[in-house]
Amino acid sequence: MKFSYDFKLSEHSGSSRVYVCGDITARIDFLSGSMMRVALFRDDCKMLPTFTVDPQNEFLTEGRDKLSLDGFPLFAPQVNETADGERFSLGKNVEAELNTHNFVLSYKKDGKLLFADRAPLAYNFQNEFGNGTYHYLTREKGEKIYGLGDKSGSVNKAGRTFRIETSDSMGYDAETSDPLYKHVPFYMCENSVGCYGIYYDTSDSAVMDFGREINNYYPAFKFFKSDDDCLVYYVFFGSKLEILRQYCSLCGKQTLPPKWSFDYCASTMAYTDAPNSEEQLYGFLRKLDTLNMSCSGFYLSSGYTSIGDLRCVFNWNYDKFPNPARFIERFNSERIHLIPNIKPAFLTSHPMYNEIAEKGLFVKNEDGTPFVTEFWDGMGSYIDFTLPEGFKFWHDNVAAKLLDYGIDATWNDNNEFDIKDTDAVVNGFKDGSVKASRIRPILTYLMVASSYSAQTEKYPGKRPFLSTRSGSSAVRRLATTWSGDNFTSFHDLRYCHYIGMTLSLSGFFFYGHDLGGFSGDMPSRELLLRWMQHGIFEPRFTIHSWNSDGSATMPWSYPDAIPAARKIMAERKKLIPYLYNSAFLSVENDVPMTAPLLLYYGDKEIDCDSTSFLVGRDILAACILDEGVNETEVYLPKNEIWYLNDKVYDGGTSVMLNIPSDGEVPYFVRGGSVIATDEGEYGFKSSEELRLTVYPLMSGSFKSEFFTDDGESFAYKTGDCVHLLFTVDCDSEYVRVRIENSGEKSFIPDIVLCDADDRILTVE
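The residue numbers shown here count from 1 along each chain, following its written sequence. Only residues with pLDDT of at least 70 get local features here, since the model is predicted, and only at 80 or more are side-chain atom pairs given and counted; chain-wide, interface and lining totals rely on the full set of residues. The basis for the side-chain values is all heavy atoms of the structure; hydrogens and waters are excluded.

Draft legend 1. Here's a closer look at the sheet that holds strand E9 (residues 112-116). When DSSP locates at least two bridges between a pair of strands, those strands are taken to pair. A helix here means a DSSP run of H or I that spans at least four residues, while a strand means a run of E at least two residues long, and both kinds are numbered starting from the N terminus. Across the sheet, five strands lie side by side as E5-E6-E7-E8-E9; this open sheet has antiparallel pairing. At either margin of the open sheet sits one strand with a lone partner, and together these are strand E5 (78-81) and E9. Averaged over all pairs of adjacent strands, the angle between their axes in this sheet comes to 25°, without regard to strand direction. Alignment of strand E7 (residues 94-99) against strand E8 (residues 104-109), held across six bridges, turns out to be antiparallel. Its bridge partner lying in E8, glutamate 97 is registered against serine 106. To obtain an axis, a line is fitted to C-alpha atoms, over the contacting stretch when the element is a helix, and the angle between two such axes runs from 0 to 180 degrees between their N-to-C directions.

Right, here's the structure in full:
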């Protein structure tokens, strides 16, 4: 009978419980003391593989069984029978209780209700809630929601509804637009009892409602709905940081980008769209030299592939670039890596289209013909990356058309796979064809994986650099990302800051924004400089534009602001050793490179939408995000001391900072840290002069780490690197530093004490 289901325990082990009601199976796996997985499915369910869950950090091309236990430590909870079912004692002082009538789970922390499935029915067993898969949960007034990828608006997502799918949302409103580019059905909830996290393992489109809907028949609730025909989700317990780290571990390690990618990397649509593209790009090199500005990468927009006004991936426009190899060598000789734009669809007018269609490599209609849809001012077809032949075709063309010319990076763009037509199918899964609309983020991942495999094959000794606009959390294992085609305004500067914080709270640690704004008018002088100041602290520092008047946003767009732009870029260059060290620690420890203060501190004074944020673990930065403003109040978290230039401040206080738009951005450094900076003279081809500055405690001891290597190879994994561990003891007279190097590279550090401290520094 609908609305009434009695589940019976059918099998169990120390870490698993399986319950059955008719043709419905419900399974609970206790994967660790603070992570469990719940799965509900019918006997006839066609459960697709997962590409996001990858605890063993494997290079997945065929996916992984959604119910696999490989790679998990597993946990055997204490199980007690109750009047209505069973109770499980987990870690983190959490108990999970199951009512086997309607399979209702509830969770208590320290004896208080943390959250629960919504009673009397939380799941859509027989279409009680309409078509699709549903999961209803309790909602506490005032709870906060963090995560979901690149979602717009405030950092706290409570009270809103979001679509979990991907969209090519050029010129989006960073406050309100939805969906954007990422498919991330993961969130963390913080309420009066504690924190928990949930990840829904699906590639289908979905909806998350965090309190927008109300219903007279139920107490306050939130819900997840997807088009999937099964429900598999993970529940995490602990602090926000612990939950985020568990989720990242579940998805597999992110890749460590090469060091050059943290320098300024330029881009613009204007140069490659111009008929004299090569001349304009050589002019860019001359401008860098003339102004003595550092640059290590250039994102090559798709105009280099144009045939008329159309973009044709893997097609070099020889009118614009008569000799691609010569052009690429010119950039390589200046130590600037070209990052070419590549798109996964071929227009029907593309010279290669018929050949690809004859080989059957496109996503197809049910009758086997290529599925054709709108794409970049024309009609085109997407490569079916689930086909081994489609995967290899892309790999081979990345190699032959780009890498063999000397390119060593790729920009995987427009890869949302905007296929909603349910007649479109892919054919590469073992169980036969699958509707393409169900696996759009999987197609994105496989595109990136194919590019990645081509790059690692061509350059086996190099860490590949890839950037992808779209994807699920699976792509973090292979590529960096950015917030897409943002809009040029102070409004979007502010809300892109929040999108960046949200990306960090979703496991995308290597991200950035198109500084200055991508779509719209040329940014004003003030807006450009404010975007650049914010970019100082982002993992990716890239100015990119497609201005409505055809101009290119560049650091020299306003001649009178060039000195200010150089100061800002010099500050970025100075911080690269610290940022690179933070990137290494981010990979090793599954922690963000940038984060809102709330991830590490529980002070009630911390605002979710603060303009202050952590860069690495030890720098607290604040930026001006509003027009005509020069001052901002910065709250310093409690139980720390904070350094700013030659002053030290106690935590729990607020400091007013004056930050003019035409220069460096002052930032605070946490006491109990060692900060690496590049003190070399700033310039086009300047060399690094490394300095390590100690920011001591008033008294007591602390440890800090510093990592560096050749910046581009995998050799650090076998010890070919510098990896220093500082142990620092502080008393009223001395700051004593002991150094251990676990790496095999010898290194004599230049260590100094910060300006605000006049104690005696000793190093051993």
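Draft legend 2. The sheet that holds strand E10 (residues 133-138), seen in detail. In space, the four strands of this open sheet follow the order E10-E16-E15-E12, with antiparallel pairing throughout. Two strands lie at the open edges of the sheet, namely E10 and strand E12 (161-164), each paired on one side alone. Direction aside, the axes of adjacent strands within the sheet are offset by 15° on average. Of the strand pairs in this sheet, strand E15 (residues 206-209) and strand E16 (residues 221-226) are connected by four bridges, and their pairing is antiparallel. Residue pairing in the sheet places alanine 206 in a bridge with serine 226 of E16.

Draft legend 3. Structural detail: the packing of helix H8 (residues 490-504) against helix H9 (residues 525-535). H9 packs onto H8 with a crossing angle of 10° between their chain directions and a minimal axis gap of 10 Å. Classified by the angle their axes make, H8 and H9 are roughly parallel. Residues Phe490, Asp492, Leu493, Cys496 and His497 of H8 lie in contact with H9, whose contacting residues are Glu526, Leu527, Arg530, Trp531 and His534. Grouping the constituent residues of the contact of H8 with H9 by class yields five nonpolar, two polar and three charged. Orientation is classified from the angle alone, with under 35 degrees giving roughly parallel, over 145 giving roughly antiparallel, 65 to 115 giving roughly perpendicular, and any other angle giving oblique. Should any heavy atoms of two residues lie within 4.5 Å, those residues are considered in contact. Classification used: nonpolar for Ala, Val, Leu, Ile, Met, Phe, Trp, Tyr, Cys and Pro, charged for Asp, Glu, Lys and Arg, polar for all others including Gly.

Draft legend 4. A look at the environment of aspartate 54. Along the chain, the position of aspartate 54 falls in the loop between strand E4 (35-42) and E5. Here the term buried applies to any residue with accessible area under 20% of the maximum for its type, exposed to any over 50%, and partly exposed to those in between, with areas from a 1.4 Å probe on protein chains only. Note on aspartate 54: relative accessible area 0%, which makes it buried. At 3.1 Å, the side chain of aspartate 54 and the side chain of arginine 477 are in polar contact. Think of a polar contact as two N or O atoms within 3.5 Å of one another; within protein, one of them needs to be a possible hydrogen donor and the other a possible acceptor, and neighboring residues in sequence only count if both atoms come from side chains.

Draft legend 5. Seen up close, the pattern of salt bridges. We define a salt bridge as a contact between a side-chain nitrogen of Lys or Arg and a carboxyl oxygen of Asp or Glu at a distance within 4 Å. Going through the model one piece at a time under the given rule, you end up with 52 salt bridges. Here aspartate 418 and arginine 440 are joined by a salt bridge, their closest N and O atoms 3.8 Å apart. Remark: arginine 440 occurs in helix H7 (residues 440-458) and aspartate 418 occurs in the loop between strand E26 (409-412) and strand E27 (425-426); sequence separation between them is 22 residues. A residue is classified by how much of its surface remains accessible, and aspartate 418, at 38% relative accessible area, is partly exposed. We classify arginine 440 as buried; its relative accessible area is 3%. Counted as one network, the salt bridges with shared partners bring together Asp168, Lys343, Asp413, Glu416, Arg469 and Asp485.

Draft legend 6. Inspection of the nonpolar core at higher detail. Counting 183 residues, the largest nonpolar core has Tyr264, Phe284, Phe298, Phe346, Trp394 and Phe537 as the members making the most contacts within it. The leading source of residues in this core is helix H10 (residues 562-589), at 14 residues. Each residue touching tyrosine 264, except ones within four places of it in the same chain, is listed here: Phe284, Leu288, Ser294, Cys295, Ser296, Gly297, Phe541, Ile543, Met554, Pro555 and Met569. As used in this record, nonpolar core signifies buried Ala, Val, Leu, Ile, Met, Phe, Trp, Tyr and Cys residues forming a set joined through side-chain atoms within 4.5 Å. In this structure, Leu121, Phe221, Phe224 and Val235 belong to the second largest nonpolar core, which totals 50 residues.

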